[in-house]
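Residue-level listing of the chains:
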Amino acid sequence: HGPTPIRIIRNDKTMTSQEELKRQTGYRAVDDYVSSGMVVGLGTGSTAYYAVERLGQKLKSGELKDVVAIPTSARMEEQAERLGIPLVTLDTHSKLDVAIDGA
């Protein structure tokens, strides 16, 4: 699979901001590719930040269950911990089901 194309949405006054597009892309990555029971790699960057935010929301709501994550940076580790996302390491979970990273 290649990257999911993003349609730029335009209203009468302004185009969607770059930050909003990053948020939409990060949320879509989790919505489309993360399922309950997965081991998820958490990359770095602003788009990945939004994916982690979405993952935390879906775990908190119960929409996703039994997901664990492996962060690639201290920033993502802090964010995941703050959002209640269970963290593991490659030592205990050497196979990722999906990795989310900025592009």
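Read on for a plain summary of the structure. Everything numeric in this text was worked out from a predicted model, so none of it was measured.

Section: the sheet that holds strand β3 (residues 98-100)
In space, the three strands of this open sheet follow the order β2-β1-β3, with parallel pairing throughout. Edge positions in the open sheet fall to β2 (68-71) and β3, since each of these has one partner strand only. Adjacent strand axes in the sheet meet at a mean angle of 25° when their direction is disregarded. By the bridge criterion, four bridges tie strand β1 (residues 39-42) to β2 in an arrangement that is parallel. Within β2, the residue paired with L42 across the bridge is P71.

Things to note about the side chain of K58
Among the structural elements, K58 can be located in helix α2 (residues 46-61). Exposure remark for K58: the relative accessible area of 6% places this residue in the buried category. Only 3.0 Å separates the side chain of K58 from the side chain of D31, close enough to count as a polar contact. Setting aside residues no more than four positions away along its own chain, K58 makes contact with V30, D31, E63 and L64.

A word on the pattern of salt bridges
Under the counting rule described, the total for this entry stands at five salt bridges. Residue R23 pairs with E20 through a salt bridge whose shortest N-O separation is 2.6 Å. On the criterion of helical spacing, the pair formed by R23 and E20 is a turn pair, its members being three residues apart in helix α1 (residues 18-33). For R23, a relative accessible area of 27% puts it in the partly exposed group. Among the ionic pairs, K58 bridges to D31, the shortest N-O distance being 3.0 Å.

Topic: the packing of α2 against helix α3 (residues 74-82)
Two numbers describe how α2 lies on α3: the axes approach to 9 Å, and their chain directions differ by 20°. One element, α2, and the other, α3, form an angle in the roughly parallel class. Judged by the sense of rotation from one axis to the other, the crossing of α2 with α3 is right-handed. On the side of α2, the interface is formed by A48, Y49, V52 and E53, while α3 contributes R75, M76, Q79, A80 and R82. Taken together, the residues of the contact of α2 with α3 break down into five nonpolar, one polar and three charged.

What counts and how
Residues numbered from 1 in each chain as written. Predicted model: local features only at pLDDT ≥ 70, side-chain atom pairs only at ≥ 80, totals over all residues. Heavy atoms only, no water. Pairing = 2+ DSSP bridges. Helix = DSSP H or I, 4+ residues; strand = E, 2+ residues; numbered from the N terminus. Axes fitted to C-alpha atoms, helices over the stretch in contact; angles between N-to-C directions. Buried < 20%, exposed > 50% of the residue type's maximum accessible area, 1.4 Å probe, protein only. Polar contact = N/O pair within 3.5 Å; in protein donor to acceptor, adjacent residues only side chain to side chain. Contact = heavy atoms within 4.5 Å. Salt bridge = Lys/Arg side-chain N within 4 Å of Asp/Glu carboxyl O. Parallel < 35°, antiparallel > 145°, perpendicular 65-115°, else oblique. Left-handed = near helix turned anticlockwise from the far one by under 90°. Nonpolar A, V, L, I, M, F, W, Y, C, P; charged D, E, K, R; others polar.

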